[in-house]
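Structural overview for review
Residue strings, one per chain:
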Amino acid sequence: MRLDKYLKVSRLIKRRTVANEMAGLGRIKINDRVAKAGSEVKPGDILEISFGQGTSRIRVKDVRESVRKEEAEELYELLK
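Residues numbered from 1 in each chain as written. Predicted model: local features only at pLDDT ≥ 70, side-chain atom pairs only at ≥ 80, totals over all residues. Heavy atoms only, no water.

Here we look at the pattern of salt bridges
Scanning all chains against the criterion turns up nine salt bridges. In this structure, D45 engages K42 in a salt bridge whose closest nitrogen and oxygen atoms are separated by 3.4 Å. For D45, a relative accessible area of 4% translates into the label buried. The salt bridge involving R64 is made with E74; its shortest N-O contact spans 3.5 Å. Of this pair, R64 sits in the loop between strand 4 (54-60) and strand 5 (76-78) while E74 sits in the loop between strand 4 and strand 5, placing them 10 residues apart in sequence. Residue classification places R64 among the partly exposed residues on the basis of a relative accessible area of 26%. On the basis of relative accessible area, E74 is assigned to the partly exposed category, the value being 43%. (Salt bridge = Lys/Arg side-chain N within 4 Å of Asp/Glu carboxyl O. Buried < 20%, exposed > 50% of the residue type's maximum accessible area, 1.4 Å probe, protein only. Helix = DSSP H or I, 4+ residues; strand = E, 2+ residues; numbered from the N terminus.)

Here is the structure:
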């Protein structure tokens, strides 16, 4: 699945366009590599997202096309 879509489906970022912009600015990494919005995300990948001053590290647990709001947290695991 594309990175921008995964971030929206998992509700880590509210809108796909915002995820696209962040990837374009180089603020998202997949397995320590700067990622583009169209980069493939698969289970086991480690995402590093820079929000303002902070950084979040996330392990992808599952990839699904759509998910209910209550189940969104099952798609990833917060690291640190």
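What to know about the pairing of strand 4
Here six bridges tie strand 3 (residues 46-51) to strand 4, and the two strands are oriented antiparallel to one another. Bridged to S50 within strand 4 is T55. Counting the residues between successive antiparallel strands, the hairpin from strand 3 to strand 4 contains two residues, one of them, G52, with a positive phi of roughly 55°. (Pairing = 2+ DSSP bridges.)

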